[in-house]
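# Notes for the structure review
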Amino acid sequence: MNEIAKNKPVMVSGATGYVAGWIVKKLLDEGFTVHAAVRDPENREKLKYLSSLAEHAPGSIAYFKADLLDDGSYAKAMDGCEVVFHTASPFCLNVKDPQKELIEPARLGTRNVLEQANRTESVKRVVLTSSCAAIYGDNADLEKTANGVFTEDDWNVTSSLAHHPYSYSKTLAEKEAWKICGEQRRWDLVVINPSLVIGPGINPKGTSESFNLIRQFGDGSMKSGAPNWGMGVVDVRDLADAHFRAAFTPSAKGRHIISGHNTDFPSMAKPLIAHFGSAYPFPKKTLPKWLVWLVAPMVNAGMTRKMVARNVNHPWRADNSKSIRELGVQYRPLEASMVDFFQQMIDAGTVAPGKK
Ligand code: NAP
């Protein structure tokens with residue numbers, strides 16, 4: 001890829017989102033003009049965090065109205081941009097109609113944004129926020145990998161509309177992106193595959209599922225204990241840096257697992273207990289799998305026994321070495337991400353001591 005000009009604007013879809021917030025900050029700090037594509041540019045309350053970042057940075061921000069399901073709506077935002085960050089996609093685990101709420105915005109939205117890149121002569125590179133959810137479906141899938149670790153060569157083949165529909169939506173969307181990219185030669189595609197993203201948000205009251213999940217460690221939901229559910233996590237600030245490097249490293253190509261730590265729920269609770277002590281009902285025990293299997297569907301509508309069977313007491317392991325070797329990503333300690341994130345929730349008043 002040719003060098004990207006620093007004096008050209010860059011577009012970020014879903015700029016109001018948790019992951020995008022730190023990408024926008026990084027771009028503004030580096031002096032870029034950010035074309036922020038958002039659903040509602042009139043919503044000053046929601047945009048105030050991004051506007052405030054721009055006030056204190058060398059770069060500038062302009063808002064453009066765009067919707068994943070509105071064909072052609074990214075035209076103005078993309079005009080004149082050489083780099084497009086496509087982060088927008090619904091991240092929610094409890095949905096009534098997965099086809100409408102997840103699959104359509106993810107897949108049709110990716111098609112909408114990338115077909116606009118086809119029509120916009122200035123575009124040279126698209127950085128797509130996919131997910132590790134497009135690499136694996138359940139932790140049990142680890143047993144089917146070549147070397148007992150998830151790599152960029154793996155694809156999620158076990159999720160469906162009925163089983164992990166969010167993961168299915170991310171898999172279909174990334175496949176769609178590779179297909180559209182392969183049909184042209186002007187722009188290249190660099191894919192970022194993050195594991196669970198944690199760490200403080202630019203908007204302290206973010207609505208990403210990441211907030212709901214980490215809040216549950218201290219709101220009483222896990223007071224009896226945590227399931228031994230293996231997972232990967234990455235700090236949102238490190239993830240923004242990875243996106244930036246993916247955009248501006250000319251040699252960057254293909255997929256990139258962006259995951260700082262192979263961990264599990266009980267290990268994620270430890271830094272919270274060490275830092276905040278007993279002020280919050282953190283999980284201190286590991287729940288037996290049979291108990292999780294029995295009660296999970298009753299306490300969480302989005303959780304099935306099949307999910308418990310295929311994830312609890314199964315480790316999660318991914319190889320993040322490509323991100324370190326080819327993008328130069330550095331990962332901060334898990335403790336810092338958990339403690340900073342939870343502290344932000346305390347300060348924002350979104351988690352109350354001892355109360356669910
Ligand atoms: P988020 O805070 O909910 O952000 C999602 C963004 O997508 C929001 O800006 C939202 O806009 C936008 N969006 C949703 N539906 C849209 C539509 N129909 N048209 C236009 N924009 C729409 O979630 P996030 O965690 O930052 O997720 C961002 C990306 O990272 C997603 O692609 C997600 O799959 C990926 N990811 C997240 C994680 C994680 O753990 N958080 C892990 C791996 C990958 P509004 O503000 O208007 O709602």
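Our structure is the block above this text.
Throughout, residues of each chain are indexed from 1 in the direction in which the sequence is written. Confidence filtering applies because this is a predicted model: local features only for residues at pLDDT of at least 70, side-chain atom pairs given and counted only at 80 or more, and all residues used for totals across whole chains, interfaces and linings. Side-chain metrics rest on all non-hydrogen atoms present in the structure, leaving aside hydrogens and water.

### Considerations on the packing of helix α8 (residues 265–276) against helix α12 (residues 334–348)
The condition that has to hold: Fitting a line to C-alpha atoms yields each axis, with helices limited to the stretch in contact; the angle taken between N-to-C directions then spans 0 to 180 degrees. Segments assigned H or I by DSSP are reported as helices when at least four residues long, segments assigned E as strands when at least two residues long, and all are numbered from the N terminus. Convention used here: angles under 35 degrees read as roughly parallel, angles over 145 as roughly antiparallel, angles from 65 to 115 as roughly perpendicular, and any remaining angle as oblique. Each crossing gets its hand from how the near helix is turned against the far one by less than a right angle, where anticlockwise is left-handed and clockwise is right-handed. Contacts: residue pairs with any heavy atoms within 4.5 Å of one another.
Following both chains from N to C, one finds α8 and α12 inclined at 60°, their axes separated by 9 Å at the closest point. Regarding the angle of α8 to α12, the classification is oblique. Crossing of α8 over α12 shows right-handed handedness. Where α8 abuts α12, its residues Ser-267, Met-268, Pro-271, Leu-272, His-275 and Phe-276 lie against Leu-334, Glu-335, Met-338, Val-339, Phe-342, Gln-343 and Ile-346.

### Quick word on the site of the ligand
Stated formally: Only a single heavy atom is needed: when it lies within 4 Å of a molecule or strand, its residue is near that molecule or strand. Any pair of N or O atoms that falls within 3.5 Å is considered a polar contact. Within protein, one atom must be able to donate a hydrogen and the other to accept it, and sequence-neighbouring residues count only if both atoms are side-chain atoms. Residue-level accessible areas treat just the shown protein chains as cover; the underlying method is Shrake-Rupley with a 1.4 Å probe. Gly counts as polar in this scheme, as do all residues outside two lists: the nonpolar Ala, Val, Leu, Ile, Met, Phe, Trp, Tyr, Cys and Pro, and the charged Asp, Glu, Lys and Arg.
Around the ligand sit 25 residues in total, of which Thr-16, Tyr-166, Lys-170, Val-197 and Ser-208 are the nearest. Within the contact set of the ligand, an oxygen atom lies 3.1 Å away from a backbone nitrogen or oxygen of Gly-17. Ser-208 has a polar side-chain atom sitting 2.8 Å from an oxygen atom of the ligand. In the complex, 91% of the free accessible area of the ligand, which totals 890 Å², lies under the protein chains. Class assignment for the residues of the shell around the ligand results in 10 nonpolar, 11 polar and 4 charged.

### Remarks on the sheet that holds strand β7 (residues 196–198)
Whether parallel or antiparallel, the strands of a sheet pair through hydrogen bonds between backbone atoms. Operational definition: By the convention used here, strands pair only if DSSP detects at least 2 bridges between them.
Spatially, β7-β9-β11 is the arrangement adopted by the 3 strands of the open sheet, whose pairing is mixed. Of all strands in the sheet, those bounded by a partner on one side alone are β7 and β11 (261–264). In this sheet, adjacent strand axes meet at a mean angle of 45° when their direction is disregarded. Two strands pair when backbone bridges link them, and β7 and strand β9 (residues 230–235) are joined in this way by 3 bridges, in the parallel orientation. Opposite Val-197, over in β9, you have Val-234 as the bridge partner. Across the sheet, helix α7 (residues 236–248) lies against β7 and β9, angled at about 70° from β9, the strand it touches most. Running at roughly 95° to β11, α8 makes contact with β7, β9 and β11 of the sheet.

### Some thoughts on the pattern of salt bridges
Pairs can form between side chains of opposite charge whenever their charged atoms are close. Stated precisely, the cut-off is as follows: When a carboxyl oxygen of Asp or Glu lies within 4 Å of a side-chain nitrogen of Lys or Arg, that pair is called a salt bridge. Exposure classes here rest on a 1.4 Å probe applied to the protein chains alone. A residue is buried below 20% of its type maximum, exposed above 50%, and partly exposed in between.
One pass over the structure, following the stated rule, counts 18 salt bridges. Taking the shortest distance from any N to any O, the salt bridge between Glu-82 and Lys-124 comes out at 3.6 Å. Residue Glu-82 is found in the loop between α3 (75–78) and β4 (83–86), and its partner Lys-124 is found in the loop between α4 (98–119) and β5 (125–129); the two are separated by 42 residues along the sequence. A residue is classified by how much of its surface remains accessible, and Lys-124, at 23% relative accessible area, is partly exposed.

### Focus: unusual backbone geometry
Residue His-164 is not a glycine yet carries a positive backbone phi of 55°. With respect to the helices and strands, the residue His-164 is situated in the loop between β5 and α5 (165–182). Despite not being glycine, Asn-313 has its phi angle at roughly 65°, a positive value. Position of Asn-313 relative to the elements: it lies in the loop between α10 (305–311) and α11 (321–327).

### Points about the side chain of Asp-238
Structurally, Asp-238 can be placed in helix α7. In this structure the side chain of Asp-238 is engaged in a polar contact, spanning 2.9 Å, whose partner is the side chain of Arg-332. Once residues within four sequence positions are removed from consideration, Asp-238 is found in contact with Val-329, Gln-330, Tyr-331 and Arg-332.

### Description of helix α1 (residues 18–29)
Convention followed: For a helix, the expected span equals 1.5 Å multiplied by the residue count minus one.
Between its terminal C-alpha atoms α1 stretches 17 Å, which fits the 16 Å expected from 12 residues at 1.5 Å a residue. Along α1, 9 of the 12 residues are buried, which leaves the element largely enclosed by surrounding structure. Residues of α1 that are buried include every one of Tyr-18, Val-19, Ala-20, Gly-21, Trp-22, Ile-23, Val-24, Leu-27 and Leu-28, and no others. Count one or two residues on from α1 and you reach Gly-31, which has phi positive near 90°.

### Structural notes on the state of the cysteines
What counts is decided by this rule: Note on terminology: pairs of cysteine sulfur atoms within 2.5 Å are recorded as disulfides.
Evaluated as defined, the whole model comprises 0 disulfides. Between Cys-92, a cysteine without a disulfide, and Cys-132, which holds the nearest cysteine sulfur, the sulfur-to-sulfur distance is 19 Å. Overall, Cys-92 belongs to the partly exposed group, its relative accessible area being 24%. With a relative accessible area of 3%, Cys-132 lands in the buried category.

### Looking at the side chain of His-256
Relative to the assigned elements, His-256 resides in strand β10 (residues 254–258). Here His-256 falls in the buried class, since its relative accessible area comes to 0%. Polar contacts involving the side chain of His-256 include one to the main-chain carbonyl oxygen of Gly-254, which spans 3.4 Å. The residues touching His-256, leaving out its near neighbours within four places in the chain, are Glu-152, Val-190, Val-191, Ile-192, Asn-193, Lys-322 and Leu-327.

### A short note on the packing of α1 against α7
Orientation of α1 relative to α7, taken along the N-to-C sense of each, is 60°, at an axis distance of 8 Å. If you check the angle between α1 and α7, you find them oblique. The crossing of α1 and α7 is right-handed. Residues Tyr-18, Val-19, Trp-22, Ile-23, Lys-26 and Leu-27 of α1 touch α7, and the partners they reach there are Val-236, Arg-237, Leu-239, Ala-240, Asp-241, His-243, Phe-244 and Phe-248.

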